[in-house]
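Below are the chains, spelled out letter by letter.
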Amino acid sequence: MSSSPAAPRRSARERKAPNRPGTQQPVPAIDDSDGEDIDSPVDSDSDDGAFRGAAASKKKTFGRKSTGEGAKKNSAGTGRKKAVNGGTGVRKRKSTAKGAGAAGEAAVDEGDEDTLFASVANPNTALSTTVQDWLEAFQESEAPALRDLINFLIRSTGCRAKIDADQAIDLDGVPDVLDDMQEDFKKQTDPIYPIVSRAAALKKFRSQLSTFLSTLLTSASESPALYASSETGLMETLMHWTTTMASSKLRAFRHTATVWGLTLVTALCDVAKEVEREFGVAGRQRDAEAGKSKARARAAEDRLKEVHERLEKVNSFVDELIDGVFIHRFRDSESAIRSECVRELGVWMKSWPQHFLEGTFLRYTGWLLSDQDPHTRLLAIQSLLPLYSSAAFLSQLHNFTERFRPRLIEMASKDRDVSVRVSTIAVLHLIGTHELLEDEDRLRVATLVFDAEARVRKAVGPFWKALVEDEVRERVEQVDDAMATPKAASAKKGGGRKAKAAREEEEEVRERRVRCKTLADLLVKASNLLDTPELDGAGLDSQESEDVAETLAPLAAAPVQGRLALAVAALWDSVHVLRDWEGLLDLLGLDHSKGGDIVEPLRLAEDEESTLLEVFVACLARIREDAVSAAEGGRKTKKQADDDVNPATLHADATRGLIKALPKLFTKHQTDAGRIAEVLTIPKLMQLDMYLEMRQVTAYESLFDDIASQFLKHTSPNVLLSAVDALSALASTQALANSNTTKATELEERLLASMRELVADREIESAGFDEDEVAALEAALARFAILYARRDLSSLLEDEESGKAAKGREIVAALADRGRLGYKLEEKMAENALQVLFLHVVWKTSALLREADGVDEEELEHLKDEVKAVRDSLLETVNELAVGTSSNACEGVRSKAFKLLLELYVLFASGRPEAGAPKSAAHLPVDFEEELQYRCAGFVEAEVERHAEEHARARQEEDSEDEDGGSGDEDEDENDEGGEDEEEGPQKKGKKGKGKAAKGKASGKGKGKDEPLPLTAAQAQAAYVFCDTISAVVKAIRLGVMDIQHAPVLLAHHGRFGPMYDAAVKPLIDVLKEEALFNDNCDLVQNVVASSVKDSFDLFLNGKTASEQHSVLLARALAGALLVRGAHLKVVRRVDPAVVIRIHTDSLDYVAKQLGQLSKDKKKVKIRNKTALFFRALVPLLGNQPVNLIEGKNALKVKSHLDKALKDHGIEVSATSKAWEPVRAYEKRLVSAIAKNKNIGAKSKAKPSAAANDGDAGAHDASPTAAARKRPQQRASAAAAKSAERIDSDDYAAAEELEAEADRPRPKPRAKRAAADEDGPAAGDGRRIRRRYAEDVDSAEERELAPEAEAEAEAEEPEPELSPAPSPSPAKRPAKRGREPEPEEEGEEEDGGTPGVEPDEDAERETTPTPGSVFDRNRQRHEPPPASQASVLSLSDVKPRKKRTRRG
């Protein structure tokens, strides 16, 4: 490779040194890249020896040969400009890309037009031509070409600094150059760098960069340019710059250099593969020439050595980049950089497996599987997919699989990111196809078919397909062995064509049965494994699950759908056996008992038969769904299109098969409640009209009788609901309407007759029923209620049977009245009777509304009287049962009566808005008396307490653990008794430490009473029933039937009973928002909000909740009801500030009164500390920053009320005690809200002298909290702080005056004076000295002071003067009192700094403002700080932030 002699290099110090007078100065030359004047040596490539400055008057473009002749033409001014895209692939672009964002506008500026960056950034550039032009330039002169390439690297970071040729090849000076660049880069305002920019101009920059580097290395590998070993070689220079820049503390530099380094490795992998191929060819040539002429053998040997050297060189390049970039950056703090590493590692392993596919590199992927960033984990998983897809890599992946298999299964089951789980399942599927998973692991992955996420269930489909196929192969062998009897063997040998066809049909049937049996077996195993506590918390066994379903079924509108239906929907497109309804029906129709005619490997166990029956019903539901979708014009699924199956034809075929098989299924499963419920679901999935088409009317009537028989026989709610659904489906068949009417009438009469028979000729109110009679009546009423919910049976209940017996309604009413007796045995019977009576009222009212317009007035009044009599009778009954004083009803009866009471008032209550009131309320209005509402509220409160007791008993074990560690609290509080206002000293070991840990538990940080626990079946059942009662009350309030003033009874428990309860009471918050913001009912809202928060906190004080956290959550939710947000969370409406003020003043009076009483008794320090936590609940009611519900003078009113309340009750808030931390935090938020009004700050600055003349009086009038927290570091601003505190704290007149001043014209602010100072930055140099004030929490090293000693020290402190004293010399500065400032953490960014730019710790140092420093001198030159800042200093526990300045 020929190149020009390199120019003499200078060190970094020499390049930075200024030119001294009297020395010879180099001739300034114009740099080819940007045209700036820089120091550059003479270009020795010019033929006439002229300086490059003469030749560079025309900018050089890539794609143009820089020969000596061309240089002469350019220097003479005769060179012509090259046309755009004229064989160069470089197009000149304007400095601003139209439509680009802020980052894209400056993406390619005027200085970049003819650079590599502009060429690569332009998506229309022919990068291969650009690479060839650069390589030609590199061969002519290495240093300028390398300068252009390194400038491209620098420009890719977003930095606009450039280097010259000397700096590019001076590898020892790279760190110094990068340090200077980073300092300049920090001054740039745009933090977005090209590889992460979303601007249109840089949209394809990343892909263009990869293509450029790949093309560059591939083209360079065809010449000696890539393999040169000199210090100015291509790879040596590029690798040094890249690895050095990849260690930068600035994210833009580090990220960009990492991308360059990783892309270079990717390109080198392609080069290495090609060189390896050449090496193999050369080896074969060497072997072929071994026995021939020596010259040819020697040439072949030399060729082999040359290729081997190149391969070793490429290996060394790869290793150096791996060690310098990847090894350090794959664990970078930035997730984006870690993602880059794992993505490229996957490419390398696939591209060059001989080098990378080994344990050394695979372990990095395994480690990143546990990365905290989900995108990084996703890329790590996706990098494994192509590896496991090829069987050639299995030997290298075996150890990796054994080591990280548990982690992969854990990710598939429990990862928080769904995409990660889906990709992990795909990897596990590939691992399973290679038989690298154990049976237990395969079953654990199979349980994901029951996952709550639909994407996860869908993703596990291919895994299930492979699992079923593997199991089928094994089971077929077992079946063949079981059927290999001598008789069967002889039968197989004989026969002709018909026998052969019969054998083939028999094998097909056997294979179908094997597949169905295998599916049932796997589903049962997966379901049982899922029910174990190890996988599902407090797992429920099948019996518990059935109990929950039985209990919740009456509350549901339809039978509860099982998880097997979800599994079938997920596996429908993958597991083909699910589409074989004939095979499933055939296996279900066989006798699987011990004496049945079926081989043992195909015999279904009890749980397998139940599972397969449920799967069969789910498959029928899917077939019907596809048929309905196709009939409505829906598109076929891909699977249907591939199979060329008509959904309607498939549905019809299934119906024909079921017409024959359904009676057999009824007979076989009629004694099992769970299975018969599934069988009863089948009729509504069939085309019932086909009974008439096939002339099977008799079979249809038989089906109706079978359903009615099961309805009258079973008592399970699931069976009854399924039977009623089936009867409703039969009744909707218009073609067989006559049969339906006859059969339905017979069923209704039998139902009522059975109930009459049980109570015939008996006084129901006083009769004694035995256990069997009660069970029979309970079942009869349950059937009647479920059927009554679907069909109008009013006439049946009103029928007297020609006067021979009482009306059915009277019988039911008498049974309901027995609920007052309180017999636990009759509880369910009374509940069912009440439900029947309520449905009777609803059906009668519905008939009234239907006939209201078609009858005369007299008949209408008669109908109204009938309905009113029935309604009033039921109202009297439920009123007495629910909230009556003479009733002794059981809990279930009372709860049922209470819900029905509210439902009746929802239907008929008067006084509601006309827009939302039903027609029934207009015809038959009834008043919901206020006294009755209060009694209902009392019932709700009692229900809540009862549920809370059950809730507490479930956590008894957790409570006992908390009590074991609770002694520390007492010790800590005893310490506070002696000096609750003392400064906290060093933490002591032993009891003190235990107390702190216990306190952490009590505050909700540990595992306390309110922490959610896995629910058992009984707990889930109780929670559902309880929330059903709560929802009835919420509905009544939401519809305006019940007054909103009763909402605190429910809202006080928000956050206490879990998300189900919170979701139930959430509509109440919407009601409050509507009342406050749209109905102008502010007083009521204020009372509800304040009462809710106080009642919620009382639960904590009374020990019913473990922490105040639920009160904070409630306050946060209520704060959302006081404003309305629009697009982009912009506040479009908020409540009147007076409402917020009253909420806070009322709450402050409540807490101040309690604190005042508790502070007088030192034995109640623990309770006082708990009461102070109420201020944490008040903070959210100020609003979420930066949006406050009150600001300025309104916040000042609350602040003044706080000061007055604390003063009136003699409460002194300590500045250091942790117990008073909530008070300080609340006061700090108030001060922050006050500071939003700049007029208040202007008012305080207008009267500085008056505040100073007050002296000590101002300190006594100020807040006791602020006075106690005055620190030595704040003395420089104490006068301004006092002036802010004296804004008429107890008088609102000053605030009103300040508001009036807001309308007056204000003068324009003066420009800041520029004042340079030798000790700090200049005041007018564009940098602003910032200060941040935070809470002053004393460290453990501070010594404890007794309250008396601290008060004495405060009294001895001189009052700070308004005007600062002259700055003393550094030698005479007074020593700082108190502890030394703590050093800031490394890498902490300053407020207002450039986002995305990390500070350089070596380039910055920390300084603390002291008397006489630049901070004091600047304060002398300018006006006092605004009052808002002064208020922060005086009203909160603060200290100035340590300011870091640059080195000079």
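Now for a quick tour of the structure. The residue numbers shown here count from 1 along each chain, following its written sequence. Reporting in this predicted model follows two pLDDT cut-offs: at least 70 for local features of residues, and 80 or more for side-chain atom pairs to be given and counted; totals over whole chains, interfaces and linings ignore these cut-offs and use all residues. Remark: hydrogens and water are excluded; side-chain values derive from all non-hydrogen atoms of the structure.

Notes on the pattern of salt bridges
- A pair is scored as a salt bridge if a Lys or Arg side-chain nitrogen falls within 4 Å of a carboxyl oxygen belonging to Asp or Glu. Enumeration over the complete set of coordinates arrives at 69 salt bridges.
- The partner of aspartate 371 in a salt bridge is arginine 338, and the shortest N-O contact between them spans 2.6 Å. In this pair, aspartate 371 is assigned in the loop between helix H16 (359–368) and helix H17 (374–388) and arginine 338 in helix H14 (residues 335–351), connecting sequence segments 33 residues apart. The burial state of aspartate 371 is the same as that of arginine 338; both residues are buried.
- For arginine 1224, the salt bridge goes to glutamate 1221, with nearest N and O atoms at 2.8 Å. Every helix listed is a DSSP run of H or I at least four residues long, and every strand listed is a run of E at least two residues long, numbered separately from the N terminus. Burial classes follow relative accessibility: with a 1.4 Å probe on protein chains only, a residue under 20% of its type's maximum area counts as buried, one over 50% as exposed, and anything between as partly exposed.

What about helix H52 (residues 1109–1119)?
- Among the residues making up H52, those that are buried are His1110, Ser1111, Val1112, Leu1114, Ala1115, Leu1118 and Ala1119.
- Buried positions along H52 lie against helix H49 (1048–1051), helix H50 (1059–1077), helix H51 (1082–1101), strand S3 (1123–1125) and helix H55 (1174–1178). Note on contacts: a residue pair is in contact if any heavy atoms of the two residues lie within 4.5 Å.

Things to note about a negative patch on the surface
- Patches draw on residues past 30% relative accessible area with no salt bridge. Two like charges within 9 Å are joined, as are two nonpolar side chains (Val, Leu, Ile, Met, Phe, Trp, Tyr) within 5 Å. Computed by Shrake-Rupley with a 1.4 Å probe, the accessible areas treat only the displayed protein chains as cover when residues are assessed. Asp and Glu are treated as the negative residues and Lys and Arg as the positive ones, with His and the ends of the chain left uncounted. Working definition for charges: the position is that of NZ of Lys, CZ of Arg, CG of Asp or CD of Glu. A grouping of Glu851, Asp856, Glu857, Glu858, Glu859, Glu861 and Asp865 is seen on the molecular surface, where their side chains present a negatively charged patch.
- No other element matches the five residues that helix H41 (residues 857–883) contributes to the negative patch.
- Tracing the backbone through its elements, the reader meets glutamate 851 in helix H40 (residues 827–851).

Examining the pairing of strand S4 (residues 1131–1134)
- DSSP bridges decide pairing: two strands pair if at least two such bridges lie between them. Bridge count between S3 and S4: three bridges; the pairing is antiparallel. Bridging from a neighbouring strand, valine 1124 pairs with arginine 1133 of S4.
- Where S3 folds back onto S4 in an antiparallel hairpin, the turn is made up of five residues, including histidine 1128, whose phi is positive at roughly 55 degrees.

A few points about the environment of methionine 245
- Examined against the element boundaries, methionine 245 turns out to sit in helix H11 (residues 234–245).
- Methionine 245 sits in the buried class, given a relative accessible area of 0%.
- Sequence separation between methionine 245 and proline 175 is 70 residues, and the spatial gap between their C-alpha atoms is 8.2 Å.
- Non-local contacts of methionine 245, meaning those with residues more than four positions away in its chain, are made with Leu153, Ile154, Thr157, Leu178, Phe253, Arg254 and Ala257.

Topic: the packing of aromatic side chains
- Centre distance within 6.5 Å is the pairing criterion for rings of Phe, Tyr and Trp, where only the six-membered ring of Trp is used; planes under 30 degrees apart are then read as stacked, over 60 as edge-to-face, and the remainder as tilted. For the coordinates displayed, the defined rule picks out 29 aromatic pairs.
- Judged by centre distance (5.3 Å) and plane angle (50 degrees), the ring pair of phenylalanine 117 and phenylalanine 205 falls under tilted. Residue phenylalanine 117 is located in helix H5 (residues 116–121), and its partner phenylalanine 205 is located in helix H10 (residues 205–220); the two are separated by 88 residues in the primary sequence. The pair phenylalanine 117 / phenylalanine 205 is uniform in exposure class, with both members buried.
- Summarising the aromatic geometry, the rings of tryptophan 348 and phenylalanine 356 are spaced 5.3 Å apart at their centres and angled 35 degrees between planes, so their arrangement reads as tilted. With respect to burial, tryptophan 348 and phenylalanine 356 carry one shared label: buried.
- Through a chain of ring-to-ring contacts, the aromatic side chains of Phe326, Phe330, Trp348, Trp352, Phe356, Phe361, Tyr364 and Trp367 assemble into a single cluster.
- Here, over-ring charges are defined by two tests on the NZ atom of lysine or the CZ atom of arginine: distance to the ring centre within 6 Å, and angle to the ring normal within 35 degrees. It is arginine 155 that lies over the ring of phenylalanine 117; its NZ or CZ is 4.5 Å from the centre.
- Positioned over the ring face of phenylalanine 450 is arginine 563, at 5.3 Å from the centre of the ring.

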